[in-house]
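Letter by letter, the chains look like this.
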Amino acid sequence: MGNAKNRYRSETSNVRSLEKLLSLRERLFSMLAFKRGARRVKRGLKLLFIALPLIALAWLGIDYALDMAYGLSVEHINFQSRHGIVNKEQALRLLGIEGRVNMATLNTETLRRRLESTPGIRSAIIRAELPDTLYIEVEERIPIVFVEWEDGVRTGDRSRFFMDPEGILFSVHEELHSQFMGVATWYLRPEDAEALREGAQIDHRIARPIATLVAAANNYSVEEIPRITEIFHPKDWEFRLILETGAEVMMEKRHIREQMDRLAMILDHARATHRKLRSANVIPALNPVAVFEEDEGKE
């Protein structure tokens, strides 16, 4: 009988079942309940004493990391320009970066979009390189001609944009494009484009010959072929160029490089004979036509 009693008392579930039969007052002052509560408090205190240093260390680590992050500022700016049109100071002004900039609050994606929304910048790469370097790379659009409406004087629409070799139109920024303000002006007919606006693209069938023409002219110095100031497109197959000297040159849209070579030969002959070219038709491969000012006076 004694063994059975001890066996039941050793089982926790039986003890707790028996305790439930006691009154609330008896249960509160029960020695077993007191000891059990004391053990739980002791266990909790041990866990607390173990956890507190870990929590403190973690908090200190987070606080240190935040202090380090917010203490990091941009000390070095690594800037690269693909075509040398935009310089470092201009790029920083476009980005709105002045004084000390915090690396932790720097949003490179926002800065990239800000640069790419700038007229004349084709693409940009911006990244923060810890601990203190900001890397900026820009690829600019290269202006090859101004673009205006041929009948702008009559209609009053004097919209003027730059065009790059891909036929993309973008606004003229005098500070960024100071070295390109002397490019030729291409006068478009109404049928050449629907509208002149930033970001529009001229049909490649029309824009590509212009790009080829400019590239062919750039192969010569201004002493060999004077600067082209105006380009007209009177017919689908024809170009008319006005040179800085006032000479008018008739060309076709095919075989542009060969025609530019013939123009260079005519101008070289004019310099050798001390004459001034008035007009030329360089379309014929043989015997291109050249009219000089002295020849006009003899007629």
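Our subject is the structure that appears above.
Here the structure is a predicted model, which is why all the values come from computation and not from measurement. (Residues numbered from 1 in each chain as written. Predicted model: local features only at pLDDT ≥ 70, side-chain atom pairs only at ≥ 80, totals over all residues. Heavy atoms only, no water.)

*Asks:* What am I meant to see in the side chain of Arg-262 here?
*Replies:* Considering the arrangement of structural elements, one finds Arg-262 in helix α9 (residues 256-272). Salt bridges are absent for the buried Arg-262, whose nearest opposite-charge side chain, Glu-252, sits at 5.9 Å. Engagement of the side chain of Arg-262 in a polar contact is seen with the backbone oxygen of Val-282, the distance being 2.9 Å. Excluding its chain neighbours within four sequence positions, the residues that come into contact with Arg-262 are Val-282, Ile-283, Pro-284, Ala-285 and Pro-288. (Helix = DSSP H or I, 4+ residues; strand = E, 2+ residues; numbered from the N terminus. Buried < 20%, exposed > 50% of the residue type's maximum accessible area, 1.4 Å probe, protein only. Lys, Arg positive; Asp, Glu negative; His and termini not counted. Salt bridge = Lys/Arg side-chain N within 4 Å of Asp/Glu carboxyl O. Polar contact = N/O pair within 3.5 Å; in protein donor to acceptor, adjacent residues only side chain to side chain. Contact = heavy atoms within 4.5 Å.)

*Asks:* Can you walk me through the sheet that holds strand β2 (residues 121-129) in this structure?
*Replies:* Consider a sheet: its strands pair through backbone hydrogen bonds, and that pairing is either parallel or antiparallel. Read from one edge of the open sheet, three strands run β1-β3-β2, paired in mixed fashion. Among the strands making up the open sheet, the edge pair consists of β1 (76-81) and β2. Each strand of the sheet is rotated relative to its neighbour by a mean of 10°, with strand direction disregarded. Examined bridge by bridge, β2 and strand β3 (residues 133-140) share eight bridges and lie antiparallel to one another. If you follow Arg-127 over to β3, its bridge partner there is Tyr-135. Across the face of the sheet, helix α5 (residues 88-95) comes into contact with β1, β2 and β3 while running at roughly 110° to β1. Strand contacts of helix α6 (residues 108-116): β2 and β3, with the helix running at about 160° to β2, the strand carrying the most contacts. (Pairing = 2+ DSSP bridges. Axes fitted to C-alpha atoms, helices over the stretch in contact; angles between N-to-C directions.)

*Asks:* Whenever I open this one, the pattern of salt bridges confuses me. Can you help?
*Replies:* A side chain with one charge can pair with a side chain of the opposite charge if their charged atoms come near. Throughout the structure, instances matching the rule amount to 22 salt bridges. Arg-122 is paired through a salt bridge with Glu-139; the nearest N and O atoms lie 3.4 Å apart. Here Arg-122 is found in strand β2, whereas its partner Glu-139 is found in strand β3, with 17 residues between them in sequence. Here Glu-139 falls in the buried class, since its relative accessible area comes to 17%. A salt bridge links Arg-160 to Glu-148, with the shortest nitrogen-to-oxygen separation between them at 3.1 Å. Of this pair, Arg-160 sits in the loop between α7 (152-155) and β5 (161-163) while Glu-148 sits in strand β4 (residues 145-149); the two residues are 12 residues apart in sequence, bridging distant segments of the chain. Salt bridges sharing partners connect three or more residues here, namely Arg-82, Arg-122, Glu-139 and Glu-166.

*Asks:* I would appreciate a short explanation of the packing of α5 against α6 in the present structure.
*Replies:* Pairs of packed helices are described in terms of their axes, by the angle between the two and the distance that separates them. Across the interface, α5 lies against α6 with an axial gap of 9 Å and an inter-helix angle of 110°. Comparing their axes, α6 and α5 come out roughly perpendicular. Across the interface between the two elements, Ala-91, Leu-94 and Leu-95 from α5 touch Leu-111, Arg-114 and Leu-115 from α6. Looking at the contact of α5 with α6 residue by residue, the class counts come to five nonpolar, no polar and one charged. (Parallel < 35°, antiparallel > 145°, perpendicular 65-115°, else oblique. Nonpolar A, V, L, I, M, F, W, Y, C, P; charged D, E, K, R; others polar.)

*Asks:* Is there a simple way to explain α9 in this structure?
*Replies:* Note that an α-helix has 3.6 residues per turn; residues three or four places apart therefore point the same way. The terminal C-alpha atoms of α9, which comprises 17 residues, lie 24 Å apart, in line with the 24 Å expected from a rise of 1.5 Å per residue. Those residues of α9 not exposed but buried are Ile-256, Gln-259, Met-260, Arg-262, Leu-263, Ala-264, Ile-266, Leu-267 and Ala-270. Residues of α9 that are buried in the fold lie against α8 (204-218), β9 (238-243), β10 (248-252), β11 (277-281) and β12 (289-292). Just beyond α9, the residue with positive phi is His-274, at close to 60°. (Expected span 1.5 Å × (residues − 1).)

*Asks:* When you look at the nonpolar core in this model, what are you seeing that I'm missing?
*Replies:* With 42 residues, the main nonpolar core has Val-145, Met-163, Trp-186, Ile-202, Ile-231 and Met-251 as its most contacted residues. At eight residues, α8 tops the list of elements feeding residues into this core. With residues near it in sequence (within four places) discarded, Met-163 still touches Ile-142, Pro-143, Ile-144, Val-145, Val-147, Ile-168, Leu-169, Phe-170, Trp-186, Ile-202, Ala-207 and Ile-210. The next biggest cluster of nonpolar side chains, apart from the first, holds 19 residues, and it includes Phe-79, Met-103, Leu-115 and Ala-124. (Core = buried A, V, L, I, M, F, W, Y, C linked by side-chain atoms within 4.5 Å.)

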